[in-house]
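If you want the building blocks of each chain, they are given just below.
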Amino acid sequence: MARRADPFVMLGNSQWNGRIALAAALICALTPGCKPPGLGAKDTSAKHVEVQPSQPPTSEGNSIFDRPAQRLTVEFTLHRISAGKGTFTTDEGVWKLVAGPLANAEMSLRLAANGFRGAIGRESDRATLLAELSKLPDHRIALDHATPDATKLVNLDLGPPLPAMTLFSFDDAGVMEGHDYTGPSARFRMAYGLRPANLKEVMLELVPEIEEPPGPRRWVKPPDGPPREEEEERKTTFSALAFSARIPPGGFLLVGPTPTVHDLPVIARPFFVEELQSPTGDSVEIRESIYVISPLVRAYSQARSPEARGSGEPPSPIP
């Protein structure tokens, strides 16, 4: 005998409880003012957990906005070392100790033709260079400091005006050009920059320059203002002889003469050669000079302004 299908299916206790709760929720949702069961009811079995407020990030955390900002400045120290003729124009002595070449060989050859040469020294070269200089008879050392202006330019004046002289220079093609100078003063115009990859490494660019005493006064028309009378500026900048060097941290640039300064009246002569009269005036002492240019990078920490950090961030002290 076949069994009749029962329209009511038997459900377990858990299934019945779920159906009853669902039906009650539907009825309550349709009834105004009714709250579903369980909402607002206190669960006495749950444990009380106290939530601690979150702490603001400290300066030792990972936030880069809470770290003190740094301001970098560059200062320069210039040493001028002079000694007797033939001390620095040879390839021995200091040029054996400071052997870091300039970046461009073509630039080095062009400088040598005009009586200039340079080398890049490291911090480890300083002790040996000082020991070598201390052995020189009758050597003299002069110290000076220079701070760049807002345009990152420095004028390195290399001494008082010299007697009138005729000097020659060679361009890139080897063409010689001469000029008469009256009371010339030699200087290096120096510009610098910092490399983003290493902010302790300084890029230097030096340009030789010769300035003569001002000429007669004349009227000039400035771009913004009425005409005025000014002395004529007589200055020659040798842009073709500009040379650059990358100075490592703690390093320096050594600039000196080649033997050409004694063989020919080249542009480098007033930069490196002095002719000193003896006290009696019957003889002349010829001295040579080299220059050690040392950049120094200083870092200053400063607190970030509230606008830079954001109004919700507390100020962080600078250690």
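Residues numbered from 1 in each chain as written. Predicted model: local features only at pLDDT ≥ 70, side-chain atom pairs only at ≥ 80, totals over all residues. Heavy atoms only, no water.

Examining helix H4 (residues 125–134)
Alright, step 1. Every buried residue belonging to H4 is among Asp-125, Leu-129 and Leu-133, and all of these are buried. Projection of H4 onto a plane perpendicular to its axis shows the buried side chains occupying an angular sector of 65°, all on one side. In H4, the exposed positions angled more than 90 degrees off the buried face are occupied by Ala-127, Leu-130 and Ser-134. (Buried < 20%, exposed > 50% of the residue type's maximum accessible area, 1.4 Å probe, protein only. Helix = DSSP H or I, 4+ residues; strand = E, 2+ residues; numbered from the N terminus. Arc of directions from axis to C-beta.)

Some points on the pairing of strand S6 (residues 176–181)
Alright, step 1. Pairing of strand S5 (residues 165–170) with S6, which is carried by 6 bridges, proceeds in the antiparallel orientation. Counterpart to Met-165 in the pairing with S6 is Tyr-181.
Alright, step 2. As consecutive antiparallel partners, S5 and S6 are separated by 5 residues, and within that stretch Gly-174 has a phi angle of approximately 85°, a positive value. (Pairing = 2+ DSSP bridges.)

Overview of the environment of Arg-126
Alright, step 1. Position of Arg-126 relative to the elements: it lies in helix H4.
Alright, step 2. Judged by relative accessible area, which is 32%, Arg-126 ranks as partly exposed.
Alright, step 3. Measuring from C-alpha to C-alpha, the distance between Arg-126 and Gly-250 comes to 9.4 Å, with 124 residues separating the pair along the chain.
Alright, step 4. Looking at Arg-126, its side chain comes within polar contact range of the main-chain oxygen of Gly-250, at 3.2 Å.
Alright, step 5. Of note is the side chain of Arg-126, whose polar atom sits 3.2 Å from the backbone oxygen of Gly-251. (Polar contact = N/O pair within 3.5 Å; in protein donor to acceptor, adjacent residues only side chain to side chain.)

Some details on the pattern of salt bridges
Alright, step 1. This model, assessed by the stated rule, comprises 14 salt bridges.
Alright, step 2. Measuring nitrogen to oxygen at the nearest pair gives 2.9 Å for the salt bridge that ties Arg-187 to Glu-209. Placement of the pair is Arg-187 in strand S7 (residues 185–195) and Glu-209 in strand S8 (residues 198–212), with a sequence separation of 22 residues. Each member of the pair, Arg-187 as well as Glu-209, is classed as buried.
Alright, step 3. For Glu-211, the salt bridge goes to Arg-187, with nearest N and O atoms at 2.6 Å. In this pair, Glu-211 sits in strand S8 while Arg-187 sits in strand S7, placing the two residues 24 residues apart along the sequence.
Alright, step 4. Taken together, the shared-partner salt bridges connect Asp-157, Arg-187, Arg-189, Glu-209 and Glu-211 into one network. (Salt bridge = Lys/Arg side-chain N within 4 Å of Asp/Glu carboxyl O.)

Digging into the packing of aromatic side chains
Two aromatic rings, taken as a pair, are described by how far apart their centres are and by the angle between their planes.
Alright, step 1. Considering all chains together, one arrives at 8 aromatic pairs under this definition.
Alright, step 2. Judged by centre distance (5.3 Å) and plane angle (70°), the ring pair of Phe-116 and Phe-271 falls under edge-to-face. Linking Phe-116 in strand S2 (residues 116–121) with Phe-271 in helix H6 (residues 269–272), this pair joins segments that are 155 residues apart in sequence.
Alright, step 3. Accessibility expressed as a relative area gives 0% for Phe-271, which makes it buried.
Alright, step 4. What links up through ring pairs into an aromatic cluster is the set Phe-116, Phe-188, Phe-271, Phe-272 and Tyr-291. (Phe/Tyr/Trp six-rings, centres within 6.5 Å; stacked < 30°, edge-to-face > 60°.)

Some words on unusual backbone geometry
Alright, step 1. The phi angle at Asp-138 is positive, at roughly 55°, despite the residue not being glycine.
Alright, step 2. By the secondary structure assignment, Asp-138 is in the loop between H4 and strand S3 (140–146).
Alright, step 3. The class for Asp-138 is partly exposed, based on a relative accessible area of 48%.

Points about the side chain of Arg-80
Alright, step 1. Among the secondary structure elements, Arg-80 is positioned in strand S1 (residues 69–84).
Alright, step 2. Residue classification places Arg-80 among the buried residues on the basis of a relative accessible area of 19%.
Alright, step 3. Reaching out from Arg-80, the side chain makes a polar contact with the side chain of Tyr-291 at a distance of 3.5 Å.

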